[in-house]
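# Summary of structural features
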Amino acid sequence: AGLGAAGLMTASERKLWEEMAKEKTNDAGFDVDAVEEEKMAEERKACVEGDILVSDVYFDTAAASTYERAFKRRRRRMHSEAARRRCTGAAWERRQDANTGEPFWYNVDTEEATWHTPLVIARRDAEIDARLGGYGKLAPDVAVRVLACVSHRDRAKAAVASR
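Being a predicted model, the structure only gives us computed values, none of them experimental.

### Regarding a positive patch on the surface
Residues Arg-69, Arg-73, Arg-75, Arg-76 and Arg-77 make up a contiguous surface patch of positive charge. Mapped onto the elements of the fold, Arg-69 is located in helix H3 (residues 61–88).

### Focus on the pairing of strand S1 (residues 92–96)
Inspection of the sheet shows S1 paired to strand S2 (residues 103–107) by 5 bridges, in the antiparallel sense. Looking at the pairing, Arg-94 lines up with Trp-105 of S2. Linking two consecutive strands that pair antiparallel, namely S1 and S2, is a turn of 6 residues; a positive phi of about 80° is found at Gly-101 within it.

### Concerning the side chain of Asn-107
Summarising the element assignment, Asn-107 is placed in strand S2. Among the polar contacts made by the side chain of Asn-107, one reaches the main-chain amide nitrogen of Thr-110 at a distance of 3.1 Å. When near neighbours in sequence (up to four residues on either side) are disregarded, Asn-107 contacts Ala-91, Trp-92 and Glu-112.

### What about the packing of aromatic side chains?
One pass over the full model with this rule turns up 1 aromatic pair. Ring centres of Phe-104 and Trp-115 lie 6.0 Å apart, and the angle between their planes is 70°; this geometry places the pair in the edge-to-face category. Note that Phe-104 is positioned in strand S2 and Trp-115 in the loop between strand S3 (113–114) and helix H4 (119–133), a separation of 11 residues in sequence.

Thresholds applied
- Residues numbered from 1 in each chain as written.
- Predicted model: local features only at pLDDT ≥ 70, side-chain atom pairs only at ≥ 80, totals over all residues.
- Heavy atoms only, no water.
- Patch = residues over 30% accessible without salt bridge, like charges linked within 9 Å, V, L, I, M, F, W, Y side chains within 5 Å.
- Areas by Shrake-Rupley, 256 points an atom, 1.4 Å probe, with all protein chains shown as cover.
- Salt bridge = Lys/Arg side-chain N within 4 Å of Asp/Glu carboxyl O.
- Lys, Arg positive; Asp, Glu negative; His and termini not counted.
- Charge placed at Lys NZ, Arg CZ, Asp CG, Glu CD.
- Helix = DSSP H or I, 4+ residues; strand = E, 2+ residues; numbered from the N terminus.
- Pairing = 2+ DSSP bridges.
- Polar contact = N/O pair within 3.5 Å; in protein donor to acceptor, adjacent residues only side chain to side chain.
- Contact = heavy atoms within 4.5 Å.
- Phe/Tyr/Trp six-rings, centres within 6.5 Å; stacked < 30°, edge-to-face > 60°.

Laid out in structure tokens, this is it:
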């Protein structure tokens, strides 16, 4: 194999690569380069098929850019999905304790568990209630901030509507 990826290797890796190139065969008489090429081909195939996402195989430059783009695309998708779950509360599941039978909350991303309703879930539920129930369902601190932005006449209308 050529040293096309030599710029990606550390000095110790480059030295090891050069030593391996000098020793074409090992004690058993195997062609080390041929065996390594076969292993690298299998690992490249696994990367392409999505069986593995990360590899330390030194790909040729053209192939490496293809694999690198695919890997980065998958990684971006994973991070964006995790961020969406974190912001929407989708990572939290309500489960039941096997010993006590009490419900608790479990985060599938962080493996965190809590007896109390997570803040993101409480806020999501409060927003849903507010959307369905109007001003009367707003949390008191939020209602005060909203009403501070409207005129006195609109405040009176809001007070009547929320009763």
